[in-house]
2 protein chains.
Amino acid sequence: MKNLYIVAALLVTQSVLAADSVAPAPNGIVLPTDYKDWRVISVLRRTDNDTLRVIVGNDRAIRAVREGQTKPWPNGATIGKLVWRTKTRPEWGDSIVPDKFQEVEFIFKDSEKFSTTGGWGFAKWLGKKQTPYGDDAHFVLECFGCHTLAKENDYVFVEPAPLP
Amino acid sequence: MKNLYIVAALLVTQSVLAADSVAPAPNGIVLPTDYKDWRVISVLRRTDNDTLRVIVGNDRAIRAVREGQTKPWPNGATIGKLVWRTKTRPEWGDSIVPDKFQEVEFIFKDSEKFSTTGGWGFAKWLGKKQTPYGDDAHFVLECFGCHTLAKENDYVFVEPAPLP
């Protein structure tokens, strides 16, 4: 019986470790636990850095998309980018499909909490090990610097892809 | 009061019409009602016909992906492709993003029901109006003809994209 308790305790510990094993970003932002279940907002093929990206959103973001309320995006909306390296497939010319998983990127809308960076919090995690990006909290200046190009679009590059 | 009943009846009728307004494919397959909520399996940039595609799956398909049980895919798995025409964005070289919605394509795994076409039922709906593709049920020969190239992979072209 005692052994059973030990096994049970180990299982619980493992499960907690699994949930907690991804370190937060240097600015304290935590990886959303359910992002792999989020729904599609759009898709992007970047030729400059040879990646394929699917843009997904949490429930608040998807609701905003479907209601056409994304200029500006509402507080609570979170947008994620699943990013892969690429390879070609022989079936259709040089068509391009995902190779290795590269990273997952997020922007979190909270106009008060993140007022100094356009109302968005930034974070990304690299590779299958989900290593947080950035040496310290200043990494967001790099993110925000680039997103400033999209200031007229609430600092967001993605336009929701049309669906029926 | 009578007017209220009429309004209520009209609203109910409209809602039923909205749900039923997409015609089935010529082989009788019905458009899945919730496909816009399905989760991501992979992504594809086809250069031969200039489209971007996000591949999504119903719950059974996603479970199979996460359990690594896709060779063969289980009965009940349905795989969808959201397909867009493309345009370029100036921010990152000639990066490619969705333009107009082109179509949604599905394959439905039922090894008994669809035994003559590799265990898969085929259907697609075109454009925002979701017009069923195909003049009659023979359209599946065109689909299956192409998918025969992927016979070694359970007639499926897509490989689930790796995720952490």
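Residues numbered from 1 in each chain as written. Chains lettered and ligands numbered in written order. Predicted model: local features only at pLDDT ≥ 70, side-chain atom pairs only at ≥ 80, totals over all residues.

Draft legend 1. How the structure looks around the environment of R46 of chain A. You can see R46 of chain A is positioned in strand β1 (residues 39-46). Distance from R46 of chain A to V83 of chain A, taken between C-alpha atoms, is 10.0 Å for residues 37 residues apart in sequence. The residues contacting R46 of chain A, other than those within four sequence positions of it, are T51 and R53 of chain A together with W92 and S95 of chain B. (Helix = DSSP H or I, 4+ residues; strand = E, 2+ residues; numbered from the N terminus. Contact = placed C-beta atoms within 7 Å.)

Draft legend 2. Representation of the interface of chain A and chain B within the structure. Between chain A and chain B, the contact holds 34 residues from the first and 34 residues from the second. When residues of the side of chain A that touches chain B are traced back to their parent elements, those giving at least two are β1, β2 (51-57), β3 (78-89) and β4 (95-109) of chain A. Looking at side-chain class alone, the side of chain A that touches chain B contains 19 nonpolar, five polar and 10 charged residues. (Nonpolar A, V, L, I, M, F, W, Y, C, P; charged D, E, K, R; others polar.)

Draft legend 3. Quick peek at the pairing of strand β2 (residues 51-57) of chain B. Residue and element names in this part refer to chain B. Of all seven residues in β2, seven are buried; the element is thus mostly enclosed. Residues T51, R53, I55 and G57 line one face of β2 and the alternating positions L52, V54 and V56 line the opposite face, and both faces are buried. Hairpin connection between strand β1 (residues 39-46) and β2: a loop of four residues separates the two successive antiparallel strands, and D50 in this loop has a positive phi of roughly 50 degrees. With seven bridges joining them, β2 and strand β3 (residues 78-89) adopt antiparallel strand pairing. Each bridged residue has a counterpart across the sheet, and for T51 the counterpart in β3 is R85. (Buried ≥ 20, exposed ≤ 12 C-beta atoms within 10 Å, placed from the backbone. Pairing = 2+ DSSP bridges.)

Draft legend 4. The arrangement of the pairing of β4 of chain A in detail. Residues and elements named next belong to chain A. Alignment of β3 against β4, held across 11 bridges, turns out to be antiparallel. Across the sheet, the residue bridging to I79 is I107, located in β4. Connecting the antiparallel pair β3 and β4 is a turn made up of five residues, with G93 showing a positive phi of about 55 degrees. Direction of pairing for β4 relative to strand β5 (residues 120-126): antiparallel, over a ladder of seven bridges. Note on β5: the bridge partner recorded for E103 is L126.

Draft legend 5. Local environment of the nonpolar core. Counting residues in hydrophobic clusters, the biggest one holds 78 residues, and the most contacted among them are I41, V54 and I79 of chain A together with I41, V54 and I79 of chain B. Dropping the residues within four chain positions of it, V54 of chain A is found in contact with V40, V43 and L82 of chain A together with V40, V43 and V54 of chain B. (Core = buried A, V, L, I, M, F, W, Y, C linked by C-beta atoms within 7 Å.)

Draft legend 6. Layout of the relation of the copies chain A and chain B. For the pair chain A and chain B, the relating rotation is 180 degrees, the translation along its axis is 0.0 Å, and the fit reaches an RMSD of 0.0 Å. The relationship between the two copies is best expressed as a two-fold rotation axis. Relative to the rotation axis, the C-alpha of R39 of chain A is the closest in chain A, positioned 2.9 Å from it. Mapped onto chain B, 100% of the interface residues of chain A again fall at the interface, so both copies present the same surface. (Least-squares fit on C-alpha atoms with pLDDT ≥ 70 in both.)

Draft legend 7. Local environment of the environment of E152 of chain A. Residues and elements named next belong to chain A. Topologically, E152 is positioned in the segment after α3 (139-147). Given 7 C-beta atoms within a 10 Å radius, E152 is considered exposed. The sequence separation of E152 and P72 amounts to 80 residues, and the corresponding C-alpha distance is 9.7 Å.

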